[in-house]
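Notes for the structure review
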Amino acid sequence: MAKEFIAAIELGSTNITGIAGKKNSDGSINVLAVVREDSTSCIRKGVVYNIDKTTQCLSTVMKKLKSALKSGIEHVYVGVGGQSIHSVLNVIVKELQDDTLISQDIINGMMDQNRSMTYPEQEILDAATQEYKVGAQYTIDPAGVQSNRLEGNFLNILCRKSFYRNLNLCFENAGIGIAELYLAPVALADSVLTDSEKRTGCMLVDLGGDTTTVAVYYRNILRQLTVIPLGGNNITKDLTSFQMEEDEAEKLKLSLGSAFTDTAEIDREKTIKTENGEIKQEEFLYCVEARLKEIIANAWNQVPDDYKTHLLGGIVLTGGGANMKNIKRAFSEFTGIKKIRVATSVKQKITTEKSDIELKDCFMNTALGLLAKGDMNCATPIKPASTGGLFETPTPAAQPAEPKPAPTGSTPKPGTILKPDERAKIEQERKRIEDEERAMSARIREELSNKKDKPKRGTIFEKWRKSIGDFANSIISAEEEEEK
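Throughout what follows, the structure given in this document is the object of discussion. Since this is a predicted model, take the numbers as computed values, not measurements.

**Observations concerning the nonpolar core**
Ranked by size, the top nonpolar core spans 74 residues in total, and within it Val76, Ile85, Phe171 and Leu222 carry the most contacts. Ranked by the residues each element gives to this core, the list is headed by helix H1 (residues 51–69), at 6 residues. Leaving out residues up to four positions away in the same chain, Val76 has contacts with Ala7, Ala8, Ile9, Met62, Phe171, Ile176, Gly177, Ile178, Ala179, Glu180 and Cys378. Core analysis: the next-biggest nonpolar cluster, separate from the first, contains 40 residues, Leu207, Val214, Leu292 and Phe331 among them.

Set out below in structure tokens:
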């Protein structure tokens, strides 16, 4: 029997992580293997900048993953994030004929029209529908409502075209099939946020090495997504100003750093020993807190003012930076929000038989989120055994399965990134719908014009025509009576 598992790859600024696991019938996930490869030489702020080194790194991750699984891998799920990703609101208005019954085709046409929007040097990775406005009312599903005007509000997730192109090139060069591309922040949110947090409003902050990702949810809808080019590595580099190497600065940050320290608790006489001497504890803590305060301020500024008072679900922190001492206190002091939690792991039940896999340290949440989203077997199918017959036809080598494109006019799974050919199909469908609408409008105008040329009921001419007809009918009736 063929082996079955789901495999995913997360491209981070510090590590490229490969993970494989099996979903159980109760919704839990059994992690079979996790491998990491240092990516600091090829990925900066979550974006590929050295194609050859990234290709080599991906190949190594796949090799290690196959070895750990003792199986071939047909394709993998891939998480996409990075500095260039940000969200932009877009409003599309469609004027309709009076008392038009809004259909699903009209709604799908607006969604396709939104996805075909063009932005200079950028392209749409994903689109989240906010609400539709019918008259003066907002609704999530306007199908079946009568109106002469429909307004669609969409949140488009953009990235630089070169980023998307380079990412695909790296996987192609490494010979790795892609089952599906997902927005890593959306996959993360789906796995760490509760339904209550998404519904009542929350701010998700992923504190990474080179970047900090902010996602805002309200009424179960993604309202804002931004990747800030600041992270834990900035704190480490700041500490190197105390005449120490980055490795030593990173260790001191993790062991002695604090996101918030009450001034009354600081011993101004205390020093911290380093390989090159000593530094005052007060200066060390100030350096850490100053940069972290800048990160928090930038993250908080990404929350639209309209939603800052609607975060009843609070703030959810994750990522490596969420492990820092007093991190919740630091966010609470700056934002004024008291309800803050650290998501050390995903909400799905995770099990593993591998003692060396650490699953509750905040670092694995995005990779686990990608694993949770996958629904296709990623193992290479086992070829049927050869019978050795003289006229036996050789079984062709299995080719990487092409991911199924989302049906035109349908809503792709949240966080799914469309491929160029899928975008082209959507654009063709949008043009077809527009042509049909123009033709229908022309027919309606023609019918209205013909009606204007005909005499209306109730006019003098119509009454005269009717009276003549009645007189003729009476004569015919009289003649028929005489014949009888």
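Here the narrative resumes, following the displayed structure.
**With respect to a positive patch on the surface**
A surface patch of like charges, here positive, comprises Lys3, Lys22, Lys70 and Lys354. Tracing the sequence through the fold places Lys3 in the segment before strand E1 (6–11).

**Description of a negative patch on the surface**
A contiguous patch of negative charge on the surface is contributed by Glu245, Glu246, Asp247 and Glu275. Here Glu275 lies in the loop between strand E15 (271–274) and strand E16 (277–280).

**Focus: the environment of Gln83**
Structurally, the position occupied by Gln83 is in the loop between strand E6 (76–80) and strand E7 (86–101). Overall, Gln83 belongs to the partly exposed group, its relative accessible area being 31%. When the C-alpha atoms of Gln83 and Thr226 are compared, they prove to be 8.3 Å apart, with 143 residues separating the residues in sequence. Ignoring any residue separated from it by four or fewer positions in sequence, one finds Gln83 in contact with Lys45, Val47, Thr211, Val227 and Pro229.

**Observations concerning the pattern of salt bridges**
On inspection of all chains with the given rule, the structure shows 14 salt bridges. Arg149 is the salt-bridge partner of Glu95, the closest N and O atoms lying 3.4 Å from each other. With Glu95 in strand E7 and Arg149 in strand E10 (residues 146–160), the pair connects residues that are 54 residues apart, well separated along the chain. Note on Glu95: relative accessible area 58%, which makes it exposed. Residue classification places Arg149 among the partly exposed residues on the basis of a relative accessible area of 32%. A salt bridge links Asp238 to Arg291; the shortest N-O distance between them is 2.7 Å. Here Arg291 lies in helix H8 (residues 281–301) and Asp238 lies in helix H6 (residues 232–239), a separation of 53 residues in the sequence. It is possible to trace a salt-bridge network through shared partners that takes in Glu95, Arg149 and Glu151.

**Notes on the pairing of strand E2 (residues 15–23)**
Pairing of E1 with E2, which is carried by 6 bridges, proceeds in the antiparallel orientation. Bridge pairing in E2 places Leu11 opposite Ile16. Here E1 folds back onto E2, and the loop between the two strands holds 3 residues. Summarising the sheet, E2 and strand E3 (residues 29–38) pair through 9 bridges and their orientation is antiparallel. Opposite Ile19, over in E3, you have Val34 as the bridge partner.

**Comments concerning the sheet that holds E3**
Here we have 6 strands laid out as an open sheet, ordered E11-E6-E1-E2-E3-E19, and mixed in their pairing. Two strands in the sheet have a free side with no partner beyond their single neighbour: strand E11 (178–183) and strand E19 (350–352). On average, adjacent strands in this sheet sit at an angle of 30 degrees to one another, irrespective of strand direction. The pairing of E1 with E6 spans 3 bridges and is classified as parallel. If you follow Ile9 over to E6, its bridge partner there is Val78. Its contacts with the sheet place H1 against E1, E2, E3 and E6, and it is angled at close to 145 degrees to E3. Sheet strands touched by helix H4 (residues 184–192): E6 and E11. Its angle to E11, the strand with the most contacts, is close to 80 degrees.

Cut-off values and rules
- Residues numbered from 1 in each chain as written.
- Predicted model: local features only at pLDDT ≥ 70, side-chain atom pairs only at ≥ 80, totals over all residues.
- Heavy atoms only, no water.
- Core = buried A, V, L, I, M, F, W, Y, C linked by side-chain atoms within 4.5 Å.
- Buried < 20%, exposed > 50% of the residue type's maximum accessible area, 1.4 Å probe, protein only.
- Helix = DSSP H or I, 4+ residues; strand = E, 2+ residues; numbered from the N terminus.
- Contact = heavy atoms within 4.5 Å.
- Patch = residues over 30% accessible without salt bridge, like charges linked within 9 Å, V, L, I, M, F, W, Y side chains within 5 Å.
- Areas by Shrake-Rupley, 256 points an atom, 1.4 Å probe, with all protein chains shown as cover.
- Salt bridge = Lys/Arg side-chain N within 4 Å of Asp/Glu carboxyl O.
- Lys, Arg positive; Asp, Glu negative; His and termini not counted.
- Charge placed at Lys NZ, Arg CZ, Asp CG, Glu CD.
- Pairing = 2+ DSSP bridges.
- Axes fitted to C-alpha atoms, helices over the stretch in contact; angles between N-to-C directions.

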